[in-house]
Amino acid sequence: MVLASGSGSNFQAILNAIDSGSLDASVSHLIASKPGIGAIQIASGARIPVSIMSARLCGSPAEFEKQLLQLLKDQNPALIVLAGWLLKIPSGVIQHFEGKIINIHPSLLPDYGGQGFYGIRVHQAVISDRRRISGCTVHLVTEEFDEGPVIARKQVPVYPEDSPETLATRVLEQEHQLLPATIQKLLHP
Ligand code: GRF
């Protein structure tokens, strides 16, 4: 089960790893937080069922929690992977699936995580702080943004000439390696 809010490049990396045989898994369902995003097109191309849901689309946060929880209970996935998912996961879902929800974040957590640190903002902050090393982190999802226990991290260098965009590209390449490799380790320890 994969949840995505964006272009879906991490979702694609998971599917590529499955195709190449390095990841022994299948994606049962994609949950998208809004219509029209790249991840939905990727799922359609791979014949993976898609549901689109958010508090806004469901009418209220409580209804979103109810519908998301019901869908996940019906699917009963071995692992729930947030791959570029930007919304908060409702607490009832986290409690029910404790230890089974993972997220990929484009920094070396605990640095540059939490509310407001998403997308290009993460890399802008790393560059303005003149950090020499950044990277990406896979962590367990808990009720606070980006605060769950770290499962795996991968470092990348930050060069003086980097823009937030060049750094984002370098980090994303590593996300595409780290996420499928971490899923494989979790599913087949
Ligand atoms: C990635 O940097 C991911 O870590 C973040 O969203 C970015 C885009 O992800 N959460 P994707 O291309 O939609 O997988």
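Rules used throughout
Starting afresh in each chain, residues are numbered from 1 along the sequence in its written order. Local features in this predicted model are restricted to residues of pLDDT 70 or higher, and side-chain atom pairs are both shown and tallied only at a pLDDT of 80 or more, whereas totals for entire chains, interfaces and linings draw on every residue. The basis for every side-chain value is the complete set of non-hydrogen atoms in the structure, without hydrogens or water. The definition of a nonpolar core used throughout is a set of buried Ala, Val, Leu, Ile, Met, Phe, Trp, Tyr and Cys residues joined through side-chain atoms within 4.5 Å. In this scheme, a residue with accessible area under 20% of its type's maximum is buried, one over 50% is exposed, and one in between is partly exposed, where area comes from a 1.4 Å probe on protein chains only. Starting at the N terminus, helices and strands are each numbered in turn, a helix being any DSSP run of H or I of at least four residues and a strand any DSSP run of E of at least two. In what follows, residue pairs with any heavy atoms lying within 4.5 Å of each other are defined as contacts. Think of each axis as a best-fit line through the C-alpha atoms, taken over the contacting stretch in the case of a helix, with angles from 0 to 180 degrees between the N-to-C directions. These descriptions rest on fixed angle ranges, namely under 35 degrees for roughly parallel, over 145 for roughly antiparallel, 65 to 115 for roughly perpendicular, and the rest for oblique. Note on convention: the crossing is left-handed when the near helix lies turned anticlockwise from the far helix by less than a right angle, right-handed when the turn is clockwise. When residue character is reported, Ala, Val, Leu, Ile, Met, Phe, Trp, Tyr, Cys and Pro are called nonpolar, Asp, Glu, Lys and Arg charged, and the others, Gly included, polar. This arc is built from the directions going out from the helix axis to the C-beta atoms. Here a polar contact means two N or O atoms within 3.5 Å. Within protein one must be a hydrogen donor candidate and the other an acceptor candidate, and residues neighboring in sequence count only if both atoms are side-chain atoms.

K.L.:
Before we go on, may I ask you to explain the nonpolar core in this structure?
P.N.:
Generally speaking, soluble globular proteins have nonpolar side chains that are buried together. Grouped together as the largest cluster of nonpolar side chains are 35 residues, with contacts concentrated most on V2, F11, I14, L30, V81, L179 and I183. When residues of this core are assigned to their parent elements, the largest contribution, five residues, is made by helix α7 (residues 164-187). Excluding its chain neighbours within four sequence positions, the residues that come into contact with I183 are I14, L23, L79, V81 and I102. Of all hydrophobic cores here, the second largest spans 19 residues; its members include M53, L69, L72 and I101.

K.L.:
Looking at this model, I keep getting lost on the packing of helix α6 (residues 120-128) against α7. Mind explaining?
P.N.:
Think of two packed helices as two axes; the pair is described by the angle between the axes and how far apart they sit. In contact at an axis separation of 9 Å, α6 and α7 are set at 115° when each is read in the N-to-C sense. With respect to α7, the element α6 is oriented roughly perpendicular. The interaxial crossing formed by α6 with α7 has right-handed handedness. Side by side, α6 and α7 meet where I120, H123, Q124, V126 and I127 of the first sit next to P164, E165, L167, A168 and V171 of the second. For the contact of α6 with α7, the residue count by class is seven nonpolar, two polar and one charged.

K.L.:
Is there a simple way to think about the environment of I31 in this case?
P.N.:
Note on placement: I31 falls in strand β2 (residues 30-32). Residue I31 is classed as buried on the basis of its relative accessible area, which comes to 0%. Considered as a pair, I31 and A4 are 27 residues apart in the sequence and their alpha carbons are 6.4 Å apart. With residues up to four places along the chain from it excluded, the contact list for I31 reads M1, V2, L3, A4, S51, M53, L68, L71, L72 and W85.

K.L.:
Is there a simple way to explain helix α2 (residues 38-45) in this structure?
P.N.:
Two residues of an α-helix separated by three or four positions point the same way, owing to the 3.6 residues in each turn. Of the positions making up α2, those classed as buried are A39, I40, I42 and A43. Seen from one end, α2 has its buried residues packed into an arc of 160°, which puts them on one side. Summarising the geometry of α2, the exposed residues directed more than 90 degrees from the buried face are Q41 and G45. Elements that come into contact with the buried residues of α2 comprise β1 (2-4), α1 (9-20), β2 and β3 (50-52). Immediately beyond the C-terminal end of α2, within one or two residues, lies R47, with a positive phi of roughly 55°.

K.L.:
Looking at this model, I keep getting lost on unusual backbone geometry. Mind explaining?
P.N.:
For residues besides glycine, phi is generally negative; the peptide bonds are generally trans as well. With omega at 15°, the peptide bond leading from L109 into P110 counts as cis. Position of P110 among the secondary structure elements: in the loop between β5 (101-105) and α6. For R47, which is not glycine, the phi dihedral falls at a positive 55°. One can find R47 in the loop between α2 and β3. One non-glycine residue, N76, lies in the positive phi region at around 45°.

K.L.:
Got a minute to help me understand the environment of S20 in this structure?
P.N.:
Considering the arrangement of structural elements, one finds S20 in helix α1. The spatial distance from the C-alpha of S20 to the C-alpha of V150 is 27 Å, given a sequence separation of 130 residues. There is a polar contact of 3.3 Å between the side chain of S20 and the side chain of S22.

K.L.:
Looking at this model, I keep getting lost on the side chain of D162. Mind explaining?
P.N.:
Here D162 shows up in the loop between β7 (150-157) and α7. On the basis of relative accessibility, which here comes to 10%, the residue D162 falls in the buried class. A distance of 2.8 Å separates a polar atom in the side chain of D162 from the backbone nitrogen of Y159. Separated by 2.7 Å, the side chains of D162 and R170 make a polar contact. Once residues lying within four places of it in the same chain are set aside, the contact partners of D162 are I127, P157, L167 and R170.

It is worth stressing that arrangement in space is one thing and function is another; only the former is reported here.
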